[in-house]
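Structure at a glance
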Amino acid sequence: MLKKAGIVAGAAAGLMMIGGTAFASPAATQGAPDPTFGDAYATFIEGGGALGYGAASLVAGAYTGVALTPALVAHSMEHHHG
């Protein structure tokens, strides 16, 4: 069952990467200087951190949904005495 969650999570991550760039439009710049190596490096590092955080969030959400939901539903149906 967790194998299916991994496949779904991977497919969703791939679609988000494709969809995220499909709607991006270049900014209209007039006479702006080219970015420096330092600027490009900082942007790359920041983007890598965001990608890692997004992947970790996706996996955690998939685990919660697939592995824990049946137990949460069963627990919510128990009769509680006050």
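For the structure, see preceding data.
Presented here is a report on the structure given in the accompanying data block. (Residues numbered from 1 in each chain as written. Predicted model: local features only at pLDDT ≥ 70, side-chain atom pairs only at ≥ 80, totals over all residues. Heavy atoms only, no water.)

Let us look at the overall build of the protein chain. Regarding its fold elements, the protein chain presents two helices and zero strands. In the protein chain, which comprises 82 residues, the proportion classed as buried is 2%. As displayed, the protein chain has an accessible area near 7,000 Å², and 71% of this comes from carbon and sulfur atoms. (Helix = DSSP H or I, 4+ residues; strand = E, 2+ residues; numbered from the N terminus. Buried < 20%, exposed > 50% of the residue type's maximum accessible area, 1.4 Å probe, protein only. Areas by Shrake-Rupley, 256 points an atom, 1.4 Å probe, with all protein chains shown as cover.)

Further remarks concern the packing of aromatic side chains. Geometry of an aromatic ring pair is reported as the spacing of the ring centres plus the angle between the planes. Tallying each qualifying case throughout the model produces one aromatic pair. Ring centres 6.3 Å apart and planes at 20° place the aromatic pair Phe-37 and Tyr-41 in the stacked group. Placement of the pair is Phe-37 and Tyr-41 together in helix H2 (residues 37-76), with a separation of four residues, close to one helical turn. (Phe/Tyr/Trp six-rings, centres within 6.5 Å; stacked < 30°, edge-to-face > 60°.)

Here we take up a nonpolar patch on the surface. Taken together, the side chains of Phe-37, Tyr-41, Phe-44 and Ile-45 define a hydrophobic patch exposed on the protein surface, amounting to about 530 Å² of accessible area. You can see Phe-44 is positioned in helix H2. Judged by relative accessible area, which is 62%, Phe-44 ranks as exposed. (Patch = residues over 30% accessible without salt bridge, like charges linked within 9 Å, V, L, I, M, F, W, Y side chains within 5 Å. Salt bridge = Lys/Arg side-chain N within 4 Å of Asp/Glu carboxyl O.)

This part takes up H2. When the terminal C-alpha atoms of H2 are compared, their 55 Å separation across 40 residues agrees well with the 58 Å that a helix rising 1.5 Å per residue should span. The largest bend in H2 is about 55°, located at Leu-68, with the proline Pro-70 one to four residues further on. (Expected span 1.5 Å × (residues − 1). Bend = angle between axes of the 7 residues up to and from the residue.)

It is worth stressing that arrangement in space is one thing and function is another; only the former is reported here.
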